[in-house]
Amino acid sequence: MLKIEMLRGFVAVARNGNLSDAAAELGRTPSAVSMMLKQMEEHLGEPLFETDRKNRLTPFGIFVLDQAERELQHFNTTVRAIEGYANAVFGSVRIATVPSVAGTIMPQVFSRYFNSFNQVDIELRDIDSQSIVHELSRNRIDLGIATLTKHISGLHSRVLMSDAFGVICAPDHRLARSADPIEWEALAEERIIANSLSEHIEAPASRQLHTAARLKAHNVVSILGMVRANIGVTLLPRMTLMAFRPGELAFRPLADESARRELHLLRKADATLSPAARLMEQQILETVASLQA
């Protein structure tokens, strides 16, 4: 049976024109290379070289050299691809995050580590937490960063970070001028723009505000557009404003410090991440840790 090492040895001898230089290139002894060529010729039933000096190929040897070099090139390309995938040089990573993370943390990850993914295809989507869980369950993404209100079976969850809710309002709103944290009572007369994040704040006063709210939006851009137009105020985590220019909107912290959201780094519990996705997961964790330091 022909082996890839036989082909490699034959090509080295054919290109060097002698056993000694070929043996040095292969890291073997001339006698071992000579024995390998003899076994190859016996298997094929045809001589590869015109003389024992190995400096001139037979017509059959010329044909074998062409085929061997082609096969070795394909083999080396395959090995590089396999090793590249294992070392996260090649492959793909599909990530979905809530919009505030897509606009803040992920640019930090890419700016620090993008060269590590030079030949990796990366897809980043910003969608709501419920959709992220849905996409993970159907193997349409590799990693998700979302807010979880309960444990979801089938997902591996790790707390990435938490940030405080606050009141977001237009810069000229009366609450923007307040120097003190905002009490729930101060929001009683405000038009609250409810959203899928703030409705999970457990404080009874917050639940009352959301029950009475006549406006609810799910898209962060839409919510903040209405706030900017002074249609109302909303409750969102501080990170939401990090993607906006200073002064566009005002963030006032809540007096109730228990009003926080937890962001979780998610993946399927029963699926092994690709090396590239595993590297991305690690670099997201490292970036968040450095931002919180």
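Residues numbered from 1 in each chain as written. Predicted model: local features only at pLDDT ≥ 70, side-chain atom pairs only at ≥ 80, totals over all residues. Heavy atoms only, no water.

J.: Please clarify how the environment of Val-101 should be interpreted in this entry.
T.: Structurally, Val-101 can be placed in helix H5 (residues 99-102). Separated by 25 residues in the primary sequence, Val-101 and Asp-126 place their C-alpha atoms 8.2 Å from one another. Look past the residues within four positions of Val-101 in its chain and what remains in contact with it is Met-106, Pro-107, Ile-145, Met-239 and Leu-263. (Helix = DSSP H or I, 4+ residues; strand = E, 2+ residues; numbered from the N terminus. Contact = heavy atoms within 4.5 Å.)

J.: Looking at this structure, how should I read the packing of helix H2 (residues 19-26) against helix H3 (residues 30-44)?
T.: Think of two packed helices as two axes; the pair is described by the angle between the axes and how far apart they sit. One way to put it is that H2 packs onto H3 with a least axis distance of 8 Å and a crossing angle of 100°. By the angle class used here, H2 and H3 are roughly perpendicular. Every residue of H3 that contacts H2 at Leu-19, Ser-20, Ala-23 and Leu-26 is listed here: Pro-30, Val-33, Ser-34 and Leu-37. For the contact of H2 with H3, the per-class residue count stands at six nonpolar, two polar and no charged. (Axes fitted to C-alpha atoms, helices over the stretch in contact; angles between N-to-C directions. Parallel < 35°, antiparallel > 145°, perpendicular 65-115°, else oblique. Nonpolar A, V, L, I, M, F, W, Y, C, P; charged D, E, K, R; others polar.)

J.: What should I look at first to understand the packing of aromatic side chains in this one?
T.: Two measures describe an aromatic ring pair: the distance that separates the ring centres and the angle between the ring planes. Going through the model one piece at a time under the given rule, you end up with one aromatic pair. On the basis of an interplanar angle of 65° and a centroid distance of 5.7 Å, the ring pair of Phe-10 and Phe-49 is categorised as edge-to-face. One end of the pair, Phe-10, is in helix H1 (residues 4-16); the other, Phe-49, is in the loop between H3 and helix H4 (59-86), with 39 residues separating them in the sequence. On the accessibility criterion, Phe-49 (6% relative accessible area) is buried. (Phe/Tyr/Trp six-rings, centres within 6.5 Å; stacked < 30°, edge-to-face > 60°. Buried < 20%, exposed > 50% of the residue type's maximum accessible area, 1.4 Å probe, protein only.)

J.: Any chance you could explain the environment of Asn-55 here in plain terms?
T.: Tracing the sequence through the fold places Asn-55 in the loop between H3 and H4. C-alpha separation for the pair Asn-55 and Ala-205, spaced 150 residues apart in sequence, amounts to 91 Å. Non-local contacts of Asn-55, meaning those with residues more than four positions away in its chain, are made with Gly-17 and Phe-49.

J.: Please clarify how the packing of H1 against H2 should be interpreted in this entry.
T.: For the pair H1 and H2, interaxial distance at closest approach is 8 Å and the crossing angle is 135°. The angle between H1 and H2 falls in the class oblique. Judged by the sense of rotation from one axis to the other, the crossing of H1 with H2 is right-handed. Along the contact surface, H1 presents Arg-8, Gly-9, Ala-12, Val-13 and Asn-16, while H2 presents Leu-19, Asp-21, Ala-22, Glu-25 and Leu-26. Partitioned by chemical class, the residues of the contact of H1 with H2 number five nonpolar, two polar and three charged. (Left-handed = near helix turned anticlockwise from the far one by under 90°.)

J.: I'm lost on the confidence of the model for the chain in this one. Help?
T.: For residues with low pLDDT, the predicted coordinates do not support detailed interpretation. Summary statistics for the chain give a mean pLDDT of 89 and a share of 98% for residues scoring 70 or more. Element-level pLDDT for the chain is lowest in H4, with a mean of 86, against a maximum mean of 95 in strand S5 (residues 192-194). (pLDDT = per-residue confidence, 0-100.)

J.: Explain the pattern of salt bridges to me, please; I cannot follow it from the model alone.
T.: Pairing is possible between side chains of opposite charge, provided their charged atoms come close. The final tally for this structure, using the stated rule, is twelve salt bridges. A salt bridge links Glu-69 to Arg-15, with the shortest nitrogen-to-oxygen separation between them at 2.7 Å. Separated by 54 residues along the polypeptide, Glu-69 in helix H4 and Arg-15 in helix H1 bring together distant segments of the chain. Ionic pairing is found between Glu-199 and Lys-216, a salt bridge with its closest N-O pair at 2.6 Å. With a gap of 17 residues between them, Glu-199 in the loop between S5 and helix H8 (204-212) and Lys-216 in strand S6 (residues 215-216) connect regions that are remote in the sequence. Glu-199 gets classed as partly exposed once you look at its relative accessible area, which sits at 31%. Connected through shared salt-bridge partners, Arg-125, Glu-135 and Arg-140 make up one network. (Salt bridge = Lys/Arg side-chain N within 4 Å of Asp/Glu carboxyl O.)

J.: Could you clarify how one ought to interpret helix H6 (residues 105-113) in this entry?
T.: Residues that lie three or four places apart on an α-helix share one face, since the helix turns once every 3.6 residues. For H6, the complete set of buried residues consists of Ile-105, Met-106, Val-109 and Tyr-113. Take H6 and look down its axis: the buried residues cluster within an arc of 95°, on one side only. (Arc of directions from axis to C-beta.)

J.: What is the right way to read helix H10 (residues 275-292) from this model?
T.: The end-to-end C-alpha distance of H10, which contains 18 residues, comes to 26 Å, matching closely the 26 Å that a straight helix rising 1.5 Å per residue would cover. All of the buried residues along H10 are Pro-275, Ala-276, Ala-277, Met-280, Glu-281, Gln-283, Ile-284, Leu-285, Thr-287 and Val-288. (Expected span 1.5 Å × (residues − 1).)

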